[in-house]
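# Fold and geometry: a report
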Amino acid sequence: MKNFTPELLSLKDAGLYRRLVQSQAAGRFVERGGEIFVNLASNDYLGLSSNTALQREFLERILSENGGRFLMGSTSSRLLGGNNGAFCQLEDFLARAYSAHSPEQKKCLAFNSGYHANSGILSALATSKDLILCDRLIHASLVDCLRLSSAKWMRFRHNDMAHLRQILKKNRGEYESVYIVTESVFSMDGDIADIAEIVKIKREFDAALYVDEAHAVGVFGKYGLGVCQELGVLGEVDFLMGTLGKAIASEGAFLICSENVREMLVNKCRTLIFTTAISPIAAMWSKFAFEKAMGMDSERSHLRRISGVLRNRLSSLKTLGSTQIVPVVLGENSAATSVSERLLKQKIWAGAVRYPTVPKGEARLRLSLNADMPRELVEDVADKILECAQ
Ligand SMILES: Cc1ncc(COP(=O)(O)O)c(C=O)c1O
């Protein structure tokens, strides 16, 4: 057996070493080793994970509705007897929610996680005669999809529509199908894709469109259905992937698509077929929490407000994007790590995101906000960041 110590040491030398630190997230706070920190590293954008009243209401409801039976352990793949009614109810609910804002009826397929969905969907559908064209900053789970796929793939510069057009002009004729892939809200840059322009391009070049709305579900659009709903283009999005582990504070993911695509994935998608489904209680909570999140307009407005406050207050530093994710670019990996460590001493948990997750020289703090944070707390956090980044 190979000894991995030299490789681990070189990761340490390069400032790229990762560790698992035990912690307990609790809304706008996180507890580690008995100490409480302000949590700027969670994706719990609506503060649902710490809403104990809601959690109590959910538990009381499921105990009274089905006596607490069939909640834990789906025991097998959904294709082999693990397809508890909770998954079907979640899918029906989401299909109805999205169809209500789309010119055509949509279908929904639930997955165990966004990672399962992103890595499995296009790798199941695209063939060696097809081209997958993706934004350079797509999430690692989509990059792994490219690795698994037999399709040819290329990347366009981040949010660069001229570059996307240029690649299509040159290459479209050589492929049967082309899939354009983007996130709507980018997880590491906190900016929003030019979905309206991408829709024009997909029409112009007869391509299909895949949008990962992991960081937009719950936060953007009417009822928190995401950026594509907000722009009124749901009818143009062939694959809308949303996750349930972030603003919805549950686990799992879902795809909104046509009936034909859904049927094909049930037959071909390895990350759906060859995995045990998550526990039914998670799907039940997803449906319950999603329904509640749809009514959280005031939380969405507050989140937008405090994101603006944080960006304004940090204007002397380099921040990116325009959403509830506020990246502060600090340069080399060591600079981001050292500011993150100084902030820990100030009781602020703000993870450093380093190369190779982000481009070299653009290591950053990725600050993500939570609707549960009062404005004063955000102002105080901004002042401490300014102090630590000096
Ligand atoms: C943009 C994006 N897509 C997909 C995922 C994967 O989702 P999940 O955490 O449900 O596996 C993430 C999670 O970090 C993400 O940020």
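Residues numbered from 1 in each chain as written. Predicted model: local features only at pLDDT ≥ 70, side-chain atom pairs only at ≥ 80, totals over all residues. Heavy atoms only, no water.

### Structural notes on the site of the ligand
Stated formally: Only heavy atoms are used to decide nearness, and a residue is near a molecule or strand if one of them lies within 4 Å of it. N or O atoms within 3.5 Å of each other form a polar contact, as long as, within protein, one can give a hydrogen and the other can take it, and as long as residues adjacent in sequence are counted only when both atoms are side-chain atoms. To be clear on the numbers: accessible area is Shrake-Rupley with a 1.4 Å probe, and residue cover counts the displayed protein chains and nothing else. For each structure, a 1 Å grid was placed over the protein atoms alone; sets of points admitting a 1.4 Å probe that cannot get out are labelled cavities, open sets with protein on both sides within 12 Å along at least five of seven lines are labelled pockets, and lining residues have an atom within 4 Å of a point. In this scheme, a molecule is assigned to a cavity or pocket if more than half of its atoms are within 2 Å of the grid points. Strands here are runs of E lasting at least two residues and helices are runs of H or I lasting at least four, both read from the DSSP assignment and numbered beginning at the N terminus. All amino acids are sorted into three groups, where Ala, Val, Leu, Ile, Met, Phe, Trp, Tyr, Cys and Pro are nonpolar, Asp, Glu, Lys and Arg are charged, and the leftover types, Gly among them, are polar.
Surveying the vicinity of the ligand reveals 13 residues, the closest of which are Gly114, Tyr115, Asp212, His215 and Lys246. In the model, an oxygen atom of the ligand is placed 2.7 Å from a nitrogen or oxygen of the glycine 114 main chain. A distance of 2.6 Å separates a nitrogen atom of the ligand from a polar atom in the side chain of aspartate 212. Protein contact buries 80% of the 390 Å² of open area that the ligand shows by itself. Spatially, the ligand is embedded in the largest pocket. Looking at the shell around the ligand, the element that brings in the most residues is helix α4 (residues 114–125), giving 3 residues. Taken together, the residues of the shell around the ligand break down into 2 nonpolar, 8 polar and 3 charged.

### A few points about the packing of helix α13 (residues 333–345) against helix α14 (residues 375–389)
What counts here: Here, axes are lines fitted to C-alpha atoms. For helices the fit covers the stretch in contact, and angles between N-to-C directions go from 0 to 180 degrees. For classification purposes, angles smaller than 35 degrees are called roughly parallel, those larger than 145 roughly antiparallel, those between 65 and 115 roughly perpendicular, and all remaining angles oblique. With the far helix as reference, a near helix turned anticlockwise by less than a right angle produces a left-handed crossing, and one turned clockwise produces a right-handed crossing. What makes two residues a contact is simply this: any of their non-hydrogen atoms within 4.5 Å.
Contact pair α13 / α14: the axes reach a minimum separation of 9 Å and the direction vectors enclose 130 degrees. Relative to α14, α13 is oriented oblique. Handedness of the crossing formed by α13 with α14: right-handed. Contacts from Val339, Arg342 and Leu343 of α13 reach α14 at Lys384, Ile385, Cys388 and Ala389.

### Focus on the domain arrangement of the chain
As a reminder of what qualifies: Domain segmentation is taken from an automatic or database assignment of domains. Defined in terms of a 1.4 Å probe, buried area is the accessible area two parts forfeit on being brought together, summed over both.
Split by domain assignment, the chain resolves into domain 1 (5–51 + 297–389) and domain 2 (70–294). Computed from C-alpha coordinates alone, the two centres of domain 1 and domain 2 are separated by 26 Å. Listed by partner, the interface residues are 23 residues for domain 1 and 22 residues for domain 2. Summing the contributions of domain 1 and of domain 2, the shared interface buries around 1,700 Å²; its carbon and sulfur component is 59%. A per-residue breakdown of the area domain 1 buries against domain 2 is headed by Leu48, Arg300 and Thr323, which together make up 31% of the total.

### Quick notes on the layout of surface pockets
As a reminder, the rule being used: Grid points are joined across faces, edges and corners, and a volume is the space filled by probe spheres set on the points.
There is about 1,400 Å³ of room inside the largest pocket. The wall of the largest pocket is formed by 45 residues, among which Arg18, Arg19, Gly351, Ala352 and Arg354 lie closest to the centre. For the lining of the largest pocket, the secondary-structure elements that each account for two or more residues are α1 (5–13), α4, β9 (239–243), α13 and β14 (352–353). A per-class count over the lining of the largest pocket returns 18 nonpolar, 16 polar and 11 charged. Both domains that furnish three or more residues to the lining of the largest pocket are identified here as domain 1 (5–51 + 297–389) and domain 2 (70–294). Taken together, 20 residues form the lining of the second largest pocket, with Arg136, Leu137, Ile138, Pro356 and Thr357 sitting closest to its centre. For the lining of the second largest pocket, the class distribution of residues is 10 nonpolar, 4 polar and 6 charged.

### A word on helix α7 (residues 195–204)
Going by this rule: Throughout this description, buried means an accessible area under 20% of the type-specific maximum (1.4 Å probe, protein chains only), exposed means over 50%, and partly exposed covers the range between.
All of the buried residues in α7 are Ile195, Glu197, Ile198, Val199, Ile201 and Lys202. Residues of α7 that are buried sit in contact with α6 (161–171), β7 (178–183), β8 (208–212) and α8 (227–230).

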